[in-house]
Amino acid sequence: QGEVRSAMYSPDGERIVTGSEDKTAKIWDANTGQELLTLTGHDDLVRSAIYSADGERIVTASDDKTAKVWKGGKSGQELFSLQGHNNWVYSAAWSPDGQRIVTASWDNTAKVWDANTGQELMTLKGHESGVNSAFYSADGQRIVTASYDRTAKVWDANTGQELMTLIGHDGYVNSAVYSLDGQRIVTAGRTDKTAKIWDAQTGQELMTLQGHDGSVFSAFYSADGQRIVTG
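Definitions and limits used
Residues numbered from 1 in each chain as written. Predicted model: local features only at pLDDT ≥ 70, side-chain atom pairs only at ≥ 80, totals over all residues. Heavy atoms only, no water. Buried < 20%, exposed > 50% of the residue type's maximum accessible area, 1.4 Å probe, protein only. Helix = DSSP H or I, 4+ residues; strand = E, 2+ residues; numbered from the N terminus. Pairing = 2+ DSSP bridges. Axes fitted to C-alpha atoms, helices over the stretch in contact; angles between N-to-C directions. Contact = heavy atoms within 4.5 Å. Salt bridge = Lys/Arg side-chain N within 4 Å of Asp/Glu carboxyl O. 1 Å grid on protein atoms, 1.4 Å probe; cavity = no way out; pocket = protein on both sides within 12 Å on 5 of 7 lines; lining within 4 Å. Points joined across faces, edges and corners; volume = space filled by probe spheres on them. Nonpolar A, V, L, I, M, F, W, Y, C, P; charged D, E, K, R; others polar.

Colleague: Could you give an account of the pairing of strand S17 (residues 173–178), with specific residues and numbers?
Modeller: Along S17, six of the six residues are buried, which leaves the element largely enclosed by surrounding structure. By the bridge criterion, five bridges tie S17 to strand S18 (residues 184–189) in an arrangement that is antiparallel. Within S18, the residue paired with Val173 across the bridge is Gly189. With antiparallel pairing between neighbouring strands as the criterion, S17 and S18 make up a hairpin whose turn holds five residues, including Gly182 at a positive phi of roughly 75 degrees.

Pasting the structure below:
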């Protein structure tokens, strides 16, 4: 038994995958709640588990310093392990075309991997503390990372070059994601209890979302870009 750290739907809405402190991920029938599969192989808690856009694979991130890729169908077979970080892996996300995976780690880096072979392609170095999240833009050309160093950073997804740093949070940044059109980034602040919206092209801070009385752990845009939800 253990605390559930993440829960995400499959693209078709028929399955849910959860990551847990019990070192497993589980797949559930989203219509009945029935447990279908347990993904066993990590040696420490699973912080996140996410389906690929085609629903065929799942990537999990773990405190055992690895991420793992699994078949998303009936077998739940482990395909390979992404090994290279030297501290906890906080999150893992797919590129929109499913060809790459980006991982964020407490070793102050993010890494990009070939999603078909598990080969490490590049390391995104520049943060001065642990990296909490890493996400692709919808066009797959950029990656945004959020860190305990109080910043988010934008990177060229093909070269790994750091393009800009988003400075403005008064404390740790828990997450950073793009709007679907790629024009905005929203960040969630753990310490300053705010979310912030940024111009994704210039890095300029556009507004601060105030109202929470505690840490903001996540913030996401609606598909049409008109709304933001924070937790």
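From this point on, the discussion continues.
Colleague: Help me get a handle on the sheet that holds strand S4 (residues 35–40), residues and values and all.
Modeller: Taken together, the four strands give an open sheet; going across it, the order is S1-S2-S3-S4, and neighbouring strands pair in antiparallel fashion. Looking at strand neighbours, the two that pair on one side only are strand S1 (4–9) and S4, the edges of this open sheet. Adjacent strand axes in the sheet meet at a mean angle of 20 degrees when their direction is disregarded. Alignment of S1 against strand S2 (residues 15–20), held across five bridges, turns out to be antiparallel. Bridge pairing in S2 links Tyr9 to Ile16.

Colleague: An account of the environment of Val144 is requested, with residue identities and associated values reported.
Modeller: The residue Val144 is located in strand S14 (residues 142–147) in this model. Taking the C-alpha atoms as reference, Val144 lies 6.4 Å from Ala176; in sequence the two are 32 residues apart. Every residue in contact with Val144, bar those within four places of it in the chain, is listed here: Ser133, Ala134, Phe135, Ala152, Lys153, Val154, Ala176, Val177, Tyr178 and Ile185.

Colleague: I'd like a description of the pattern of salt bridges, backed by residues and values.
Modeller: Pairs can form between side chains of opposite charge once their charged atoms are near each other. Considering all chains together, one arrives at nine salt bridges under this definition. Measuring nitrogen to oxygen at the nearest pair gives 3.4 Å for the salt bridge that ties Asp170 to Arg150. Of this pair, Asp170 sits in the loop between strand S16 (162–167) and S17 while Arg150 sits in the loop between S14 and strand S15 (151–156), placing them 20 residues apart in sequence. For Asp170, a relative accessible area of 51% corresponds to the exposed category. Counted as one network, the salt bridges with shared partners bring together Glu3, Arg5 and Glu21.

Colleague: Lay out the layout of surface pockets in plain terms, naming residues and giving numbers.
Modeller: What the largest pocket holds in volume is close to 790 Å³. Of all elements in the fold, only S1, strand S5 (46–51), strand S9 (89–94), strand S13 (131–136), S17 and strand S21 (219–221) reach the threshold of two or more residues within the lining of the largest pocket. A class-by-class count of the residues in the lining of the largest pocket yields 18 nonpolar, six polar and no charged. Size it by volume and the second largest pocket reaches roughly 670 Å³. Lining of the second largest pocket is provided by 24 residues; of these, Arg5, Arg47, Tyr90, Asn132 and Phe217 occupy positions nearest its centre. Among the secondary structure elements, those contributing two or more residues to the lining of the second largest pocket are S1, S5, S9, S13 and S17. Within the lining of the second largest pocket, the residues separate by chemical class into 12 nonpolar, eight polar and four charged.

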